[in-house]
Every structure is written in structure tokens, then in C-alpha cells.
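Report on the structure
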Amino acid sequence: MPNFKPYPLSLAVLTLVSAETLYAETSLNSYALNIPAQPLNHALLSFGQQSKQQIIYNTDIAQGLKSPGLNGVYTTASALQTLLADSGLDYHIAENGTVLINKKPKTEHLPQPAPSQKNEPSSTLPTVKVTDTRLYDATDPYNTDYTLPNATAGTKTDTPIIETPLNVQVISKQVLKDQQAITLGDALKNVSGVAVTSDINGVSNSGTIPNVLSATSITLRGFESQTYSRNGFRLQQGAGTRELANVEAIEVLKGPAAVLYGLVEPGGLVNVVTKQPLATPYYSFNQQFGSFDNYRTTADATGPIAGHEDLLYRLNVSYQTTSGVQDFTGKDDVFVAPVFTWLISPRTQATVEFEYNRQHSGLSTPFNPFINSQLQNIPISRNYGEYTPAVTESFFGGVNWSHQFNDEWTVKHRFSVNQLGFEANNFFTPSFTSGPGAIEELFGLTSPSDGLTVLRNKIGNLAQNNTYSTNLDLVGHFDTGGLRHTLLIGADYYRISNSSQTTSNDALEQRTVIDPFNPIHPGIPIGRIGDLNFGLNEQVDQYGFYVQDQIKLPYDLHITGGFRYQNIRQDTQNTFNGSETSRAILNADATTPRVGLLWHPRDWVSLYANYAESFGINPSGLVFINEGNFAPVAPTSATQYEGGVKTEFLGGRLRATLAYFDLTKTNVGVSDPNPLHNCGSGPGSCSLALGEVRSRGPELDIQGEILPGWNAIATWANVDVIVTKTNADNAPLTQGATFNVGDRLFNVPRNTASFFSTYEFQQGDLKGLKFGGGVTVLEGTIGSGGGHFFDSAILPAIKVPGSATLNLLLGYSRNIGKAKVTAQLNVNNVLDKRYYTNINGNLNDPTLGISGAAASFGAPRTFLGSINIQY
């Protein structure tokens, strides 16, 4: 969950007055106040409750400060002047009456008239010119910032990014709005060196059409991961389909994050920060409509429950339907996410939250014939299968609470459960393209013509992925000899339970062929599947203990250091028709450190360096020893060295990070290239562990507001991912391809870049008009698929061409009464460029004329319009 201070959402939002309260009324109204001398955080909370006003500020700036208290009749101005006396803080009252508190900026105070009576509090608001300061909090629904000042992903504490010795990037909700992002894959193109390899069927702005649901994964710094976090809760499932209706921001921590989160790939961690209840009532409705019959409706509501100021709620819902880019791939998607917060006391709060998501869709395995070493120019709408209804259903439930013992020490506890189920029957997977005679020779099938044919296998799949977790954190702030410490001590436990069943039938009617260039769909063959049932059951138990200390030293030096002890038990079982065919148990533990150093000599610049290690297990997979004997893929470890510079300008509204990293991972799990090795789930079901893979290169991220109304994001990464060591198991085989030292990993582009910019007129007749656009560039890669079948010569891997796609947007916003209404149109892939995000080739044999490739196509040109109402 987000890092809670004594009040929810890491800031004080004290609201009991409507948003339309006038500036003058707020500053001049008088209130009878009785606030004893106490810590400033609690004094401001009492003031908000007694005066029925909204106060927004980050509680970190008031840590350790005291307030003299109030007793009498005061105006807002005089009360704040007294409460903030000698605190180094200042206030500003916005036009809607909201009180904003910040550290004192550079100000110009104009002469003020003296009070009418010596002992009477002044009723005149000082005229203050505020410079280099933010007027919105990160969680304000109306916040239009492209940059957010703080993040929790890197340290589990609410730390300014400019003071964090790690590469942390944040995608704000305004970026998601401008780009009309629907899934996590749409959003991550705004961070250098990060990509989602595939997405769910249907329209996606950045999107790809997936091979199967389980194939959705995130690639960070060249390493693929199927995990992401929800408010710090790690989810072992594909991330590309994550719904964004209740997402506040997306944090990306680059590099090993295992010190705080455990089983995380060393490339980094994507953390989704969800929307939390607010004390100010807020409502939003959004209707999207676009290409491929894409309609999506979302709603957001928050505020106190039945007028109870200590009980808050938030509800986000969405419904989407689309016919899909490919044939037979429509989708209906229902998402509901309620959250409830109880402010038990100024020091204690508890939150209960849920998510329910049900997707009913038609699946496909995008397939491109690979003939004469060339990918064919087939329409990306072509589906070589039949209609395959599939249901994906997920449920999340969580309870978290926090208690602040005093101004310095806070305890937090969380329990979370996530259950994901997937079911699909009559799923046709194109296997390969064959020439005349090959089908008859291999399978005894009759080709419908004398030309090429695509072989289709009919299967069914049932999967269940469950994650259970609890963690306890103690956070303390204290000084030792002039050093300021933020200490984190925590422990966590995860249980990950995965099971799947794949059913098929060797009967002739379950294998069919279809013409690759003039497909005539024969429909679903008669007969059920289920004679062959391959099962996988896996349970992983992880126990972790971690300590981290963030130390602020003299001369603006910051040191962050910590370690984690982790114990893992992995139990993997394969079955065939209900009988166990293999079982492997892995027990492992390790202690991994992380240390970072940052120098912040000026407000606008920081220099940093870090070293980190990680430890974990490979995804479920078995290594072939000999017939009937298997072993789990050995645990993996990683080390990283990183250095860089961070800059902030215009009061933090424009940020840039330039980093260079060198990351090495051992025992990288890959598929065994020998198609005859059977590890309990049929031939070709084994894995290997490459000895070592190294990834290194520079990254550049720039985002923020250049001029009022002009926002931009620019990214670039040069990721060099190569095999640096092999092992005996990966030696060249009689059958199958292999990795060699110096080989690049498949489907990881060397260079990636993106640029996105918008401009909104701030005044005049064109006020509210916004236009913009951007481009995303991917260098060509090598797709998997080299190798051979039986005794044929080895073929080269498939080359994936590079791509550049252009996106545009046009929008207009206007205030109508109390509501803000926005109309927007996005056009993605304007030039309708054909491109691939990854290629996974199948069997290639020139003798038999067999070839094929599972290809994740990029989305074609799409239009997406929306009408949004906020009030």
C-alpha cells in the first residue's frame, strides 16, 4: 500500500467545506477555536476539523515541528499565522478556498494595514507572491502535473525523487489522461528501457495482440518479468492487461528491488499506485469510443460516507466492449474497485479495499507464415483459429492499518489476497506452415490444396494463480550526532499458488489445416478434448526480513543502505492424466545488500551511485537430467552497478535523469532447445539455465512542464543484453539451437526512444484548447525461432524490423458551472505502420518445408475519442 503517514495519502487533506467557498469568505470568516499547544501536524488537523476547511500539505514538512495553539475567535488568516509562527512554513489560499501549506518560498510581502485594535486578530490576508512552489497535491483529482515530487517504490518511504539514490520514474495520472491509456502496456512506453511484450486482445493504444494471456510480461533493462506490484503488493501474473480505471500513478524502479520486495526480476519493478479516498467530495464520468467498436465507460466517486468525517470511501468502475483488431477476438471487460478508510484517530487509520475484474474475450495466437526466410505480409486481422471464448476473472482484497506512536515512529501492517482464474476451451494454436506432402508425412492429414497449409492444434486450458501476502513495517525518524535517520525495519511472507491444466486429444479430428493466404474457416471440429491432460501445480513460500536506513549527512550527502534475508521453498509438480510424472522441491536462502550514495549540492541537481544484489527463483521449469529424472532450474542471482545525475527545474515541474547501469544475472531460465527432452509435460517441455547474461547501457528520462501549459516527455535507452557465460547443459546439441557467448537475447531492441508533448492555451479565446502528439521508436531485434527440426540444417533466427509510430491528440476543456468538461480525440499509429513487438518462431525445416512464427503485431491506426466530466 502507499506509505501512510499519520494521515491517509501521505499528506494532510482536511476537508469539511464545499469546493466553491470563495477566497474572500475563507480568509475573512471568523471561527471560535480551541487548539492546545501540540505537534503542528495535529494542530492543523484540529484546525481543519473546527473551521470546516480544506487544508493540503505534505506531512513531511511539518515533522518534528510544534504549534503554540489557539484559544479564541480567529479568521483563517490570523489562525494560520499563529499556528505556523516560527515554523518556516507559509500558506496560500487558492481561489476555491483550499489552504495550501508549503515551505516558505521566496516571497514579496506588501505593506499591511495595522489591526483596528491592539489585541484583535488581523482580518486582512497578506498579499503574497508565491514562486517556485506547487499549488496542487499529487492526489488532487485536478492536478495536471507531469512530474510528481515523491515516490515510495524505491525506499517504501515517501522520499523526494531528487534525494533518492536510485533511478525512479513516475507516470502521473495527467499523462494517462492525455494519452487515454487503458492498460499498463499503454503507459509504460513513457519510461526508458521498459516495454510490455504483449497485451490483451482488442484495441490498445500502444498495444499488441497477445499469443496467450500468460504471455503478457514486462521487460525492464532487458530482462523479462511477469510480476508487477499494486501499492507494493507483488503480483505474479501478466501485467499487460492491468486495468487503469483506479490508478493514481505508476512508479517504475529500475534495477534490483529484491531488498524490499523479494522475488523481483533484477531489471526493476513496476508499482501501480491506486486511488485512495479523499475527504473532499469528487465525482468523475468518462465515456470513450473508438475504432473496432471500442466503447469504454468509467466513473470515479469519493468523499465522506453519510457526512461522517472520519469515514471515507472511493469507488472506481469501468466497462469496456470491443470487437477486437483480429477476427473472432471481441471483449467485454467489467471492473469494480471500492475502497473504505476509517480515520480512527489523528494517529491511527485503517483501509479496506477490493478489486473485481472479469474479462470475457475471444483469444487468438497471432501467426505469420515464415517462408523462404521471410515473414509474409498477411493482414494482422487474420486469425487462423476459430472463435475461442475465454474468461479471465480476478479478485483482490486487502486490509491495511497504520498507527503513529509519536511524531517519529509509525507502524504499518497489511494483509492482501489476489486470485486470478483463466478458462478457455476450443483454443486453436497454429503450429507451423508446411509445404505439399509434409502434413501427410508427419500426421497423416490431407492437405486441402497442393499449396502451403497451416496446421492447427485444438487445446483447452484452465489456470488458477493465487497470491497471499502479509507484511509489517516499522518506520522511525531520529538523529544521531547530527545525522538524520529514516529507519525501516520490516518482514513479509508470500505464498504463491499456481495450477494449470492443458487438455488436448491425439485424435485426427482435433488437428486441422487451413490455407494461410485464403483461409476458409471450417468451424470447431466435432468431438471433445480431454483425452490428454497435462497438469502443473506449483507452490512457493517466501519469508523475508529487511532493514534499511536513509541517512542525511552534512554537506547535502545522503546514504541509503540495507539488506534482506530471504528463505524460499518451491514445490513443482507435473501430472499427466491425473498421475504425477515429475516433482521437484527447491529450498534456498540468501542475504542480499543494497547501498546508494547521493550528493545534492544544489536544489536543482543531484549526483548518485548505487550497488545492489538480488536473489530469487526462476519461473516454474525443470531441467532434463536423464529419462525420468529432472531438477528445478537453479536459483538466480544478480548484481548491479549504477550511476547518474538528476536535475529539477521550475520548482520541480521539470525533471531529467541520466543514468548508466551495468547489470549481470546468473542462471537465466530459457527453454531447452532440444525438442526431444520431456520433463513431464511432453516433448520440448524442459528448461535450461544460461550461465550468465549481462545488460548495460545509458538511459535518459525527461518529463515535465517547460512553459505554462507546455508539457513534454522524452526517453531514450541503449540496452546491450548479451550472453556472457554458458554452461555444460547449454553446449551445442545434436538437435536444437543453442546460445553462444556474445549472443543477444531475443526480442530486446538495442535502442528505444519516445517523445510526447502537449500544449494547452492558458488564456484568451483559445483557453482550454489542447493539442499534441508523439513518436515511439524501436530498433530492429532478433526474434526467437532459429534452430531446426529432426536432422535438418540450423536456420538463422528471424529478424524483426524496427519501427516508428506517430500519435496525435486534440482536446478542449471548459468549466460549466461547478463541472469541468473535456472532449478529446487521440489518433494512434497515424501512418498505419505495420510492426511487431516480438517474434517467437516455431519449427523451421527446409527439407520438409515447415516454418512459422508466433508474431505479436503492433496495433494498426486507431481513433479514440472521449467525453469527461469532473465536479
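Use the structure listed above.
Residues numbered from 1 in each chain as written. Predicted model: local features only at pLDDT ≥ 70, side-chain atom pairs only at ≥ 80, totals over all residues. Heavy atoms only, no water.

**Description of the overall build of the chain**
We apply this condition: Labels follow the DSSP assignment, with helices taken as runs of H or I lasting at least four residues and strands as runs of E lasting at least two, numbered in each case from the N terminus. Working definition: with a 1.4 Å probe on protein chains only, accessible area under 20% of the residue-type maximum means buried, over 50% means exposed, and in between means partly exposed. The contact definition used throughout considers only heavy atoms, calling two residues in contact when any of these lie within 4.5 Å.
Assigned secondary structure in the chain consists of seven helices and 51 strands. By residue count, 57% of the 871 residues in the chain fall in the buried class. Counting only contacts in the chain whose residues sit at least 6 apart along the sequence, the fraction spanning at least 24 positions is 69%.

**Quick word on the pairing of strand 34 (residues 579–602)**
The cut-off we apply is this: Strand pairing follows a simple DSSP-based rule, namely that at least 2 bridges must link the two strands.
For strand 33 (residues 557–576) and strand 34, the ladder comprises 20 bridges, and the chain directions are antiparallel. Residue pairing for strand 34: Thr572 is matched across the bridge by Ala584. Counting the residues in the hairpin turn of strand 33 and strand 34 gives two residues, including Asn577, whose phi is positive at 50°. Taken together, the seven bridges between strand 34 and strand 35 (residues 605–616) define a ladder with antiparallel strand orientation. Across the sheet, Trp599 pairs through a bridge with Leu607, a residue of strand 35. Between the antiparallel neighbours strand 34 and strand 35 lie two residues.

**Some words on the pairing of strand 33**
Where strand 32 (residues 532–553) and strand 33 come together, 20 bridges link them in antiparallel fashion. Across the sheet, Lys552 pairs through a bridge with His558, a residue of strand 33. The antiparallel pairing of strand 32 with strand 33 creates a hairpin that spans three residues between the two strands, and Tyr555 there sits at a positive phi of about 60°.

**Quick look at the environment of Ser614**
Within the secondary structure layout, Ser614 lies in strand 35. On the accessibility criterion, Ser614 (5% relative accessible area) is buried. As for Ser614 and Thr639, which are separated by 25 residues in sequence, their C-alpha atoms are 6.6 Å apart. Setting aside its immediate chain neighbours within four residues, Ser614 contacts Pro256, Ala258, Pro266, Thr592, Thr636, Ser637 and Ala638.

**Observations concerning the pattern of salt bridges**
We count it as follows: We define a salt bridge as a contact between a side-chain nitrogen of Lys or Arg and a carboxyl oxygen of Asp or Glu at a distance within 4 Å.
A complete count under the given rule lists 26 salt bridges for this structure. Among the salt bridges present, the one from Asp662 reaches Arg696, with a minimum N-O distance of 3.6 Å. Of the two residues, Asp662 sits in strand 39 (residues 654–671) while Arg696 sits in strand 40 (residues 687–707), which places them 34 residues apart along the sequence. Classification of Arg696 as partly exposed rests on a relative accessible area of 31%. Linked through salt bridges whose partners overlap, the residues forming this network are Arg221, Lys254, Glu642, Glu699 and Asp701.

**Things to note about the nonpolar core**
Note the threshold: For our purposes a nonpolar core is just a set of buried Ala, Val, Leu, Ile, Met, Phe, Trp, Tyr and Cys residues, chained together by side-chain atoms within 4.5 Å.
Ranked by size, the top nonpolar core spans 27 residues in total, and within it Leu184, Leu188, Ile218, Ile250 and Val270 carry the most contacts. Counting residues per element, the ones that place at least two in this core are helix 4 (173–179), helix 5 (184–187), strand 12 (194–196), strand 13 (218–220), strand 16 (233–236), strand 17 (247–254) and strand 18 (268–274). Ranked by residue count, the leading element in this core is strand 17, at three residues. Beyond its immediate sequence surroundings of up to four residues, Ile250 is in contact with Gln169, Val170, Ile171, Leu176, Leu184, Ala187, Leu188, Leu244, Val270 and Asn271. Listed in part, the 23 residues of the second largest apolar core include Ile55, Ala79, Leu80 and Tyr91.

**Topic: helix 2 (residues 40–51)**
For an α-helix, the turn length of 3.6 residues means that residues three or four places apart are oriented alike. Heads up, the rule is: Here the expected length of a helix is defined as 1.5 Å per residue gap, with one fewer gap than residues.
Between its terminal C-alpha atoms helix 2 stretches 16 Å, which fits the 16 Å expected from 12 residues at 1.5 Å a residue. Of all the 12 residues making up helix 2, 10 are buried; the element is thus mostly covered by neighbouring parts of the structure. Residues of helix 2 that are buried include every one of Leu40, Asn41, His42, Ala43, Leu44, Leu45, Ser46, Phe47, Gly48 and Ser51, and no others. Lys52 sits one or two positions beyond helix 2 and adopts a positive phi of about 60°.

**A word on the sheet that holds strand 16**
Convention followed: Lines fitted to the C-alpha atoms define the axes, with helices restricted to the stretch that makes contact. Angles between their N-to-C directions range from 0 to 180 degrees.
The strand order across the open sheet built from five strands is 11-17-18-15-16, with neighbouring strands paired in mixed fashion. At either margin of the open sheet sits one strand with a lone partner, and together these are strand 11 (168–172) and strand 16. Adjacent strand axes in the sheet meet at a mean angle of 25° when their direction is disregarded. Summarising the sheet, strand 17 and strand 18 pair through seven bridges and their orientation is antiparallel. Of the residues in strand 18, the one forming a bridge with Val247 is Thr274.

**What about unusual backbone geometry?**
For Phe328, which is not glycine, the phi torsion reads 65° and is therefore positive. Mapped onto the fold, Phe328 is located in the loop between strand 21 (308–322) and strand 22 (331–345). Phi is positive for Asn829, which is not a glycine, with a value near 55°. Here Asn829 shows up in the loop between strand 48 (819–828) and strand 49 (836–841). You can call Asn829 buried: its relative accessible area is 4%.

**Some points on the packing of aromatic side chains**
Threshold: Centres within 6.5 Å are what make two rings of Phe, Tyr or Trp a pair, Trp counting through its six-membered ring; a difference in plane orientation under 30 degrees is then read as stacked, over 60 as edge-to-face, and the rest as tilted. For a ring to carry a charge above it, either NZ of a lysine or CZ of an arginine must fall within 6 Å of the ring centroid while also lying within 35 degrees of the normal to the ring plane.
Applying the stated criterion across every chain, the model contains 15 aromatic pairs. Look at Tyr142 and Tyr282: their rings are 5.7 Å apart centre to centre, the planes differ by 85°, and that puts the pair in the edge-to-face class. Here Tyr142 is found in the loop between strand 8 (99–103) and strand 9 (150–151), whereas its partner Tyr282 is found in strand 19 (residues 282–290), with 140 residues between them in sequence. By way of ring pairs, the aromatic residues Phe233, Phe396 and Tyr494 are connected into one cluster. Over the aromatic face of Phe661 sits the side chain of Arg221, whose NZ or CZ is 4.2 Å from the ring centroid.

**A look at the side chain of Asn533**
By the element assignment, Asn533 lies in strand 32. Look at Asn533 and you get buried, because its relative accessible area is 19%.

**Regarding the sheet that holds strand 12**
Spatial ordering of the open sheet is given by 12-13-14, a layout of three strands whose pairing is antiparallel. Every interior strand has two partners, whereas the edge strands, strand 12 and strand 14 (223–225), have only one. Each neighbouring strand pair of the sheet contributes to a mean axis angle of 25°, computed without reference to strand direction. Summarising the sheet, strand 13 and strand 14 pair through three bridges and their orientation is antiparallel. Paired with Ile218 across the two strands is Ser225, which belongs to strand 14.

**Description of a nonpolar patch on the surface**
The condition is simple: Think of a patch as exposed residues, more than 30% relative accessible area, with no salt bridge, where like charges cluster within 9 Å and nonpolar side chains (Val, Leu, Ile, Met, Phe, Trp, Tyr) cluster within 5 Å. The Shrake-Rupley method, run with a 1.4 Å probe sphere, supplies the accessible areas, and residue values consider only the shown protein chains as cover.
A contiguous nonpolar surface patch, about 740 Å² in accessible area, is contributed by Leu315, Tyr319, Val334, Val336, Phe340, Val352, Phe354, Tyr356, Phe395 and Val399. For the nonpolar patch, the secondary-structure elements that each account for two or more residues are strand 21, strand 22, strand 23 (348–362) and strand 27 (389–404). Tracing the chain through its elements places Leu315 in strand 21.

**Observations concerning the packing of helix 2 against helix 3 (residues 76–83)**
What counts here: Here the word oblique covers every angle except those under 35 degrees (roughly parallel), over 145 (roughly antiparallel) and from 65 to 115 (roughly perpendicular). Should the near helix be turned anticlockwise from the far one by less than a right angle, the crossing is termed left-handed; should it be turned clockwise, right-handed.
Between helix 2 and helix 3, whose axes approach to 11 Å, the crossing angle comes to 165°. For the element pair helix 2 / helix 3, the angle class is roughly antiparallel. Seen from above, helix 2 lies across helix 3 with right-handed handedness. Seen from helix 2, the contacting residues are Leu40, Ala43, Leu44 and Phe47; seen from helix 3, they are Thr76, Ala79, Leu80 and Leu83.

**Describing the environment of Tyr493**
By secondary structure assignment, the location of Tyr493 is in strand 30 (residues 483–504). Distance in space between the C-alpha atoms of Tyr493 and Asn471 is 6.4 Å, their sequence separation being 22 residues.

**Focus: the environment of Thr592**
Secondary-structure assignment places Thr592 in strand 34. With sequence-adjacent residues up to four places away left out, Thr592 is seen in contact with Val259, Gly562, Phe563, Arg564, Glu613, Ser614 and Phe615.

**Focus on the side chain of Asp549**
Just so we agree on the cut-off: Only four residue types enter the tally: Lys and Arg on the positive side, Asp and Glu on the negative side, with His and both chain ends excluded. Under this definition, polar contacts are N or O atom pairs within 3.5 Å; protein pairs additionally need one hydrogen-donor-capable and one acceptor-capable atom, and for neighbouring residues in sequence, both atoms have to be side-chain atoms.
With respect to the helices and strands, Asp549 occurs in strand 32. No salt bridge is formed by the buried Asp549; its nearest oppositely charged neighbour, Arg484, is found at 9.6 Å. Among the polar contacts made by the side chain of Asp549, one reaches the side chain of His485 at a distance of 2.8 Å. Among all residues touching Asp549, those that are not within four sequence positions of it are His485, Thr486, Leu487, Ile559, Thr560 and Gly561.

**Notes on helix 3**
Burial runs high along helix 3: six of the eight residues are buried. Inspection of helix 3 places Thr76, Ala77, Ser78, Ala79, Leu80 and Leu83 among the buried residues, and these make up the whole buried set.

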